[in-house]
Amino acid sequence: MASESHFPTLPPKELSFLMEMFAQDSKNYHVWTYRHWLVRRFGLWDHPRELEDVDALLKADVRNNSAWNHRYMLRFGPRGDEPDAGMVGSGADTKAGVHGVVDEEIVDSELEVAKNAILKAPENRSPWWYARGVLRAASRGLGEWEEFAGLFVTGSVIKSTHAVEWLADVYAEGREEEAVQMLTLLREKYDPVRKNYWDYRIKMLGQVA
Amino acid sequence: MPFTVPGKNRRVRFPSQSAPIAREQKRPGKRPASSHPAGKMASQEVPRPGIPALFTQPPPIRDPLVTESIDLQDATLEKCLPFLKGIHSNQKGPFNACGVPALQRDDHVAYLYDALEDYPAGFVAMDASRPWMVYWALAGLSLLGEDITRVRQRVIETLRPMQNPTGGFGGGHGQTSHVAGAYAAVLSLAMVGGEEAFAVVDRQSMWRWLGRLKQADGGFRVCEGGEEDVRGAYCAMTIISLLDLPLALPPHAVARSAGMEKFTDELPNYLARCQTFEGGISGSPGVEAHGAYAFCALACLSIIGPPEETIGRCMDLPLLLSWLSARQNAPEGGFSGRTNKLVDGCYSHWVGGCWPLLQSAMDGKPQSDGPPPQTVGSLFSREGLDRYILCCCQSPHGGLRDKPGKSPDCYHTCYVLTGLSATQHRHYRTDSSASSSETFASAFSWKSRPIREDNVFERGDRLTAFHPLFVIPHQAAERMRLWYESEAF
């Protein structure tokens, strides 16, 4: 079991053993849950193997969302005795997603990681939402990626629904008509199975405006 | 959530199904010749009339970079398309004007009755999930309108030995008590109903056992010495609310030393910490957002208080809506459990079941005993989900499945049907509760009404309405609660 006396330190072969399991099933929820528990139990946030393994798995499949989630917890998860949480500062009585202190260098380098992943496969939801989580943790707005998101939405050529949604969120603050245009693109052409949701988003914009 | 039964397939009633399915699984790249003429991709075949292009064509944007996730997605799409188009040789009709096949009620009923019989040796791994096997079969049969009181005595005699004198139910006779087994056992007893069934549960020992599972951070372990996750919280609060157990923690509960007095103390905070940066909800804080855990967390919040208060306070709602909405993909129309994962019929319930809870939270405090005015209405495509269920999830010899190419099992049969039932009804809360409890007033105020407009299914495909929190018929939940309210603790 997890007793301190049986396992005072990280068993040396454990991380490699987990990589063997990921080789068979790279998104296994239970293995990832256990890996997360190991990080908390042995304080492995800055252990070199953690980020190395995440990088290796993302290199093999940049769409491995479990690996992106693990990366977020390594970089921005609560540490030490702070209660664990899936979003920095989430909780019933706190402002969700806002960190007390974040290292701006880590924020910038993680945004670069997300950008590089998006350039490889712009329609991959994982790095787009990772980037949203990073900016949220740093209390920075989506606006700083307006130009980057725009790379994938040029005139009639749309390369990423996530870029369109990003722009809609940027435009929602003060440029509602343009936001409606973006949401309408998703509703009509690029993601119509979610029509009711996009309609709801458009309706909410009207209420804000 | 993948759920596989090891060993041989059932032989009792459907001997013909195991061989071809097993062969198909071993060679995932091979397509059945009957529906895929040589050299012709499924995406090029002409669909039945009445089906919108949205549900027969690949999505408009495709990245050039192919990875394992894309390979799996492509293979899934190829398998689903002939079913979505209504042209696969294994599909049974009749098809309606929307190009949707009828629910094969008789086949599914037969499959579920068979599931209540003996199992061959290959099912030994399910020996720790026996209350689940009972629950899945009874829930499925109830949805299909079967009178399950006829199996009451068998259910009572099956479950009684699984209860431990130290409280709770194990996954089988002589096994350690577990919240999942206890949840499935209590819900099964509620469904067969009657005093004799209700009297099986030893509430005193159940209360003390649950007290030992409550943790200092507000959550619950799934068993003594086991892991803590949102299943623990949802199953525990389901049991507590249905059995009318005292909300006060037992005298020697460990959580009392952390200053807690009630089962609900710090629970909302624990669940709030399970929301991730993606907006979805994970099994425990810090892990990846997942559809099944999202349902457990949202249903738990809706049991312990009115959802407009509990969900509103604990969750970033816009973020949650965005993630939940993104679980639906076209052309499949069904739900995936996580970002960049595949559609799976069981999420028809786990993800689909989150929607009524969020819609009710947005509708706000109920003002009457009828349905409140729609504030937002349905935020997902009911049509898409119903098409996926009826076209892709029905196995040719009865039972429902994850996706085409997979064998049916009780778990998927139960939760695919639960998802279909949920899309057929509007679920709302009223200002009057079946329970006299203040804490659980909201949980026992739910009603369901059939939706008559914009349906792609036929009248004959209609299923019984289920309680959106307890996942059994409304009356079963209310009768159980009222019986225990009238009994001394």
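Predicted, not measured: the structure shown is a model, and the values here were computed from it. (Residues numbered from 1 in each chain as written. Chains lettered and ligands numbered in written order. Predicted model: local features only at pLDDT ≥ 70, side-chain atom pairs only at ≥ 80, totals over all residues.)

**As for the overall build of chain A**
Next, step 1: Looking only at helices and strands, one finds 10 helices and 2 strands in chain A.
Next, step 2: By its C-alpha atoms, chain A is 60 × 40 × 30 Å across when sized along the principal axes.
Next, step 3: Per-residue burial for chain A yields a buried fraction of 43% across its 209 residues.
Next, step 4: At a minimum sequence separation of 6, the contacts of chain A that also span at least 24 residues come to 48%. (Helix = DSSP H or I, 4+ residues; strand = E, 2+ residues; numbered from the N terminus. Buried ≥ 20, exposed ≤ 12 C-beta atoms within 10 Å, placed from the backbone. Contact = placed C-beta atoms within 7 Å.)

**A few points about the overall build of chain B**
Next, step 1: The number of helices and strands found in chain B is 18 helices and 2 strands.
Next, step 2: Scaling as 2.2 N^0.38, a compact globule of 489 residues should have a C-alpha radius of gyration of about 23 Å, and chain B matches this with 22 Å.
Next, step 3: The principal-axis extent of the C-alpha atoms belonging to chain B is close to 70 × 50 × 40 Å.
Next, step 4: Considering only contacts within chain B whose residues lie at least 6 apart along the sequence, 71% involve residues at least 24 apart. (Rg over C-alpha atoms; globule rule 2.2 N^0.38 Å.)

**With respect to the domain arrangement of chain A**
Residue and element names in this part refer to chain A.
Next, step 1: The domain boundaries assigned to chain A delineate domain 1 (1-139) and domain 2 (141-209).
Next, step 2: With centres defined by C-alpha atoms, the gap from domain 1 to domain 2 works out at 28 Å.
Next, step 3: Per-element tally for the side of domain 1 that touches domain 2: the top contributor is helix α6 (residues 125-137), with 5 residues.
Next, step 4: Here the side of domain 1 that touches domain 2 is composed, by residue class, of 4 nonpolar, no polar and 4 charged. (Domains from an automatic or database assignment. Nonpolar A, V, L, I, M, F, W, Y, C, P; charged D, E, K, R; others polar.)

**Quick word on the interface of chain B and chain A**
Next, step 1: On the chain A side, the residues contacting the 45 residues of chain B number 47 residues.
Next, step 2: Elements with a minimum of two residues in the side of chain B that touches chain A: α2 (68-84), α10 (267-272) and α12 (307-314) of chain B.
Next, step 3: When residues of the side of chain B that touches chain A are assigned to their parent elements, the largest contribution, 3 residues, is made by α10 of chain B.
Next, step 4: Taken together, the residues of the side of chain B that touches chain A sort by class into 16 nonpolar, 19 polar and 10 charged.

**Quick notes on the nonpolar core**
All names here are of chain B.
Next, step 1: V186, I239, L271, A297 and C300 are the most contacted members of the largest nonpolar core, which totals 192 residues.
Next, step 2: A total of 12 residues in this core trace back to one element, the largest contributor, which is helix α6 (residues 179-192).
Next, step 3: Ignoring anything within four residues of it in the chain, the contact list for V186 reads V201, I239, L242 and L243. (Core = buried A, V, L, I, M, F, W, Y, C linked by C-beta atoms within 7 Å.)

**A short note on the environment of F220 of chain B**
All names here are of chain B.
Next, step 1: For F220, the location among the structural elements is in the loop between α8 (203-213) and α9 (230-242).
Next, step 2: Residue F220 is classed as buried on the basis of its C-beta count, with 27 C-beta atoms lying within 10 Å.
Next, step 3: A C-alpha to C-alpha distance of 9.2 Å links F220 and C235, two positions 15 residues apart in sequence.

**Quick word on α8 of chain B**
All names here are of chain B.
Next, step 1: Of all 11 residues in α8, 8 are buried, a share of seventy percent or more.
Next, step 2: Listed in full, the buried residues belonging to α8 are R203, M206, W207, W209, L210, G211, R212 and L213.
Next, step 3: Buried positions along α8 lie against α6 and α9.

**Focus on the UniProt feature "domain: Prenyltransferase alpha-alpha toroid" (unreviewed entry) in chain B**
Next, step 1: As recorded in UniProt, the sites labelled "domain: Prenyltransferase alpha-alpha toroid" (unreviewed entry) are residues 103-471 of chain B.
Next, step 2: Its end C-alpha atoms 20 Å apart, residues 103-471 of chain B is made of 41% helix and 3% strand. (UniProt positions renumbered as here; feature names shortened; annotations may be inferred.)

**Describing unusual backbone geometry**
All names here are of chain B.
Next, step 1: The linkage connecting G93 with the following residue, P94, adopts the cis geometry, with an omega of -5°.
Next, step 2: Within the secondary structure layout, P94 lies in the loop between α2 and α3 (105-115).
Next, step 3: Cis peptide bonds are those with omega within 30 degrees of zero, and the linkage from A330 to P331 qualifies with 5°.
Next, step 4: Within the fold, P331 resides in the loop between α13 (317-325) and α14 (347-350).
Next, step 5: Even without being a glycine, D454 presents a positive backbone phi close to 55°.
Next, step 6: Relative to the helices and strands, D454 is located in the loop between β2 (446-450) and α18 (474-486).
Next, step 7: Residue class for D454 comes out exposed when judged on the 8 C-beta atoms lying within 10 Å of it.
Next, step 8: Despite not being glycine, V471 shows a phi value in the positive range, around 55°.

**Observations regarding the environment of Y388 of chain B**
Next, step 1: Mapped onto the elements of the fold, Y388 of chain B is located in helix α16 (residues 382-392).
Next, step 2: The contact partners of Y388 of chain B, leaving out residues within four places of it in the chain, are E332, G333, G334, V343 and C393 of chain B.

**A word on the packing of helix α4 (residues 130-143) of chain B against α6 of chain B**
All names here are of chain B.
Next, step 1: In the contact formed by α4 and α6, the axes pass within 8 Å of each other and the chain directions differ by 40°. Along this stretch, α4 crosses α6, giving a crossing that reads as left-handed. Here α4 contributes P131, W132, V134, Y135, L138 and S142 to the contact with α6, which in turn contributes A180, G181, A184, A185, L187, S188 and M191.
Next, step 2: For the contact of α4 with α6, a count of residues per class yields 10 nonpolar, 3 polar and no charged. (Axes fitted to C-alpha atoms, helices over the stretch in contact; angles between N-to-C directions. Left-handed = near helix turned anticlockwise from the far one by under 90°.)

**Side note on the packing of helix α5 (residues 104-120) of chain A against α6 of chain A**
Each pair of packed helices gets described by two things: the angle between the helix axes and the distance between those axes.
All names here are of chain A.
Next, step 1: At a minimum axis separation of 9 Å, α5 and α6 run at an interaxial angle of 165°. It follows from the interaxial angle that α5 and α6 lie roughly antiparallel. In this structure, α5 crosses over α6, and the sense of that crossing is left-handed. Counted together, V107, E110, L111, A114, A117 and I118 of α5 and P127, W128, Y130, A131 and V134 of α6 form the full contact between these two elements.
Next, step 2: Here the residues of the contact of α5 with α6 sort into 10 nonpolar, no polar and 1 charged. (Parallel < 35°, antiparallel > 145°, perpendicular 65-115°, else oblique.)

**Points about the confidence of the model for chain A**
Next, step 1: When the pLDDT values of chain A are averaged, the result is 92; 91% of them are 70 or greater.
Next, step 2: Here residues 92-99 of chain A scores under 50 on pLDDT; set against residues more than four positions off or in separate chains, the count is 27 contacts. (pLDDT = per-residue confidence, 0-100.)

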